[in-house]
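A look at the structure
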Amino acid sequence: MAISEISKNALTVLEKRYLGKDGEGNLTETVEGMFRRVSDTIAAADAKYDNTTDTKALSDQFFELMTDLRFLPNSPTLMNAGRVLGQLSACFVLPVEDSMEGIFDSVKNAALIHKSGGGTGFSFSRLRQSGSAVRSTGGVASGPISFMKVFNAATEAVKQGGTRRGANMGVLRIDHPDILDFINCKADNKEITNFNISVGITEAFMEAVESQSDYDLIDPKTKQAVGHLSAEKVFDLVVDHAWKNGEPGIIFLDRLNRDNVTPTQGEIESTNPCGEQPLLPYESCNLGSINLVKMLRKTLTGYEFDFRLLGETVEQAVHFLDNVIDANNYPLDKIAETTRASRKIGLGVMGWADALLMLGIPYNSDEAVELAERVMGYINTAGHAASSKLAAKRGTFPLFSVSTLKDGAAMRNATVTTIAPTGTLSIIGGCSSGVEPVFAYAFIRNIMDGTEMIEVNPVLTEKLKELGLYSDRLLRRIASEGTIAHCEEIPQEVRDVFVCSHDIKPIDHIKMQAAFQRHTDNAVSKTVNFPKEATRNEVREAYLLAYKEGCKGVTIYRDGSREEQVLNIGKVN
Ligand code: UDP
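Residues numbered from 1 in each chain as written. Predicted model: local features only at pLDDT ≥ 70, side-chain atom pairs only at ≥ 80, totals over all residues. Heavy atoms only, no water.

1. Re the overall build of the protein
Looking only at helices and strands, the protein features 20 helices and 20 strands. Against the 2.2 N^0.38 benchmark of 25 Å for 573 residues, the protein shows a C-alpha radius of gyration of 23 Å, consistent with a compact globule. Looking at the 573 residues of the protein, the share that counts as buried comes to 56%. Carbon and sulfur atoms make up 51% of the accessible area of the protein, which totals about 23,600 Å². A gap of 2 Å separates the mean positions of the 61 positive and 75 negative side-chain charges of the protein. (Helix = DSSP H or I, 4+ residues; strand = E, 2+ residues; numbered from the N terminus. Rg over C-alpha atoms; globule rule 2.2 N^0.38 Å. Buried < 20%, exposed > 50% of the residue type's maximum accessible area, 1.4 Å probe, protein only. Areas by Shrake-Rupley, 256 points an atom, 1.4 Å probe, with all protein chains shown as cover. Lys, Arg positive; Asp, Glu negative; His and termini not counted. Charge placed at Lys NZ, Arg CZ, Asp CG, Glu CD.)

Shown next as structure tokens:
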């Protein structure tokens, strides 16, 4: 592999958390060695189906797929394949039953998953409301929020064995009697810090918001209405909290369940931590992302998508991800069994914003939205075809005959596509993350020895050099402003293309999310960024638009609204 392709940042991340080390912390593996360990392990899974397969040749193919940075599997696969732990999935959902045994079994199972580098989602909606009776003790129940704190404390203690921060999603249905406490539970930014929280919204609730009527709160045990609230007031409360610090997000439960292809196995109550993967209790899913920058080819006038290369890459990636299901060492037997029954995989993309920059198309344009539909539509169709082709050789996923897909083409995987955040994968791939716009075109990064380093988006670097405008002074200005919108020396038509998150209106963020969602089986990880001065009403409008446009959920973030935000324009440590 051409190691020079791997950026310094990528190497730092890989050395810190992915490459093998001995007991004293010395590296025992190179980047190439890591990709070889992964490709050998994943290719070996083919032998289960066909003992004539040349697994060495297949390993070479997978190795190239990754070292070309065309496709990368989710972090746990890179970290754990071919190692003792062997846990390869990023996403899990666990049930939380309404009993002491059920709750603490789930705490334990989550700890095992976190230790292996996976993230967990839970719905707390089955837990009886605070103040209700506990028959065996004669006491009163403390409710879902107090138990979320137990999960949070356990996550804090495990911290995923030092390689990955414990990540959880906590969901509560909008009609749970404790919903108001839930909406408020992260308001001070100090508690439940290892959770993202989302309110599970129903269509009945959205109709009540529209008609400005009340809706019922339902006792999870008796299923009886035990009170009612004004839908509009509760909706505004969710909006108010999200405006204040980005939480809670919302997920549209009925939509998730309309796309539940194995409804005989139960209802979808939660997603994984970043929202892109709805799963049934005890299901896990392994993700992987195609780097769209690598799917472009040079033409006489610029770049264009190479759909033939994209098609080949999709087919190899689906094969890879299907093999991961067999190569995986699951943290619990029940998870192994449930996952193998539906064989869900989540193929997505990264580098979308960088690809648009290279094509000269502004992210916030109709042209970009149309191209998103074309590219993701192509990936989804090719992905499904690849899964069907595997089904012909290896059989359908075991639940296929009872699934909603049973009358269509045979499928190896119950779901094929998901758009992940690619937080670390995009650093390794050296591209913009997932389908997000570029957050800022330049950062000042403080290196440990006290020196400062300016990091600039690679596509902008190329453009500025081409225009003869590349200078330390200009880069420092861009780093302090984040955007290039006000740099008059850069031609207007370039500034129109190189837009960053904050130059893009929330409505355009949502239109892009919706475009990808229309061609994705699972969901799309996306944060809708708002400027600091955005009003609550603008957030409300964005939520309603996301609902109207068919998104499966929304996460918003208003700049500066959390004291410690991960990315600060102007400075990154
Ligand atoms: N995830 C996690 N801990 C982390 C980051 C991610 O458990 O610190 C899980 C979580 O379920 C998330 C999924 O991995 O939704 C995918 O995240 P991302 O695409 O950012 O992961 P990457 O593969 O790039 O590391």
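2. Re the packing of helix H2 (residues 31–44) against helix H11 (residues 307–327)
The N-to-C vectors of H2 and H11 enclose an angle of 80°; their axes lie 8 Å apart at closest approach. Taken together, the axes of H2 and H11 are roughly perpendicular relative to one another. Along its contact with H2, which presents Val 38, Thr 41, Ile 42 and Ala 43, the element H11 presents Phe 320, Asn 323, Val 324 and Ala 327. (Axes fitted to C-alpha atoms, helices over the stretch in contact; angles between N-to-C directions. Parallel < 35°, antiparallel > 145°, perpendicular 65-115°, else oblique. Contact = heavy atoms within 4.5 Å.)

3. Some points on the site of the ligand
Of all residues adjacent to the ligand, which total 19 residues, the nearest are Ser 75, Asn 272, Glu 276, Thr 422 and Gly 423. The backbone of Gly 119 places a nitrogen or oxygen atom 3.2 Å from an oxygen atom of the ligand. At 2.9 Å from an oxygen atom of the ligand is found a side-chain nitrogen or oxygen belonging to Asn 272. Here the ligand has 530 Å² of accessible area as a free molecule, and 90% of this is covered by the chains. (Near = heavy atom within 4 Å. Polar contact = N/O pair within 3.5 Å; in protein donor to acceptor, adjacent residues only side chain to side chain.)

4. Comments concerning the packing of aromatic side chains
Applying the stated rule across the entire model yields 15 aromatic pairs. Each ring, one from Phe 62 and one from Phe 320, has its centre 5.0 Å from the other, and the planes form 65°; the classification is edge-to-face. Here Phe 62 is found in helix H3 (residues 55–67), whereas its partner Phe 320 is found in helix H11, with 258 residues between them in sequence. Its relative accessible area of 0% is what places Phe 62 among the buried residues. The buried category is assigned to Phe 320, whose relative accessible area is 0%. For the ring pair Phe 305 and Phe 307, a centre distance of 5.9 Å and an interplane angle of 45° mean the geometry is tilted. Since its relative accessible area comes to 18%, Phe 307 is described here as buried. Put simply, the rings of Phe 122, Phe 124, Phe 151 and Phe 195 pair up and form one aromatic cluster. The ring centre of Phe 252 lies 5.1 Å from the NZ or CZ of Arg 255, which sits over that ring. When the ring centre of Tyr 470 is taken as origin, the NZ or CZ atom of Lys 465, which lies over that ring, is 4.8 Å away. (Phe/Tyr/Trp six-rings, centres within 6.5 Å; stacked < 30°, edge-to-face > 60°. Lys NZ or Arg CZ within 6 Å of the ring centre and 35° of its normal.)

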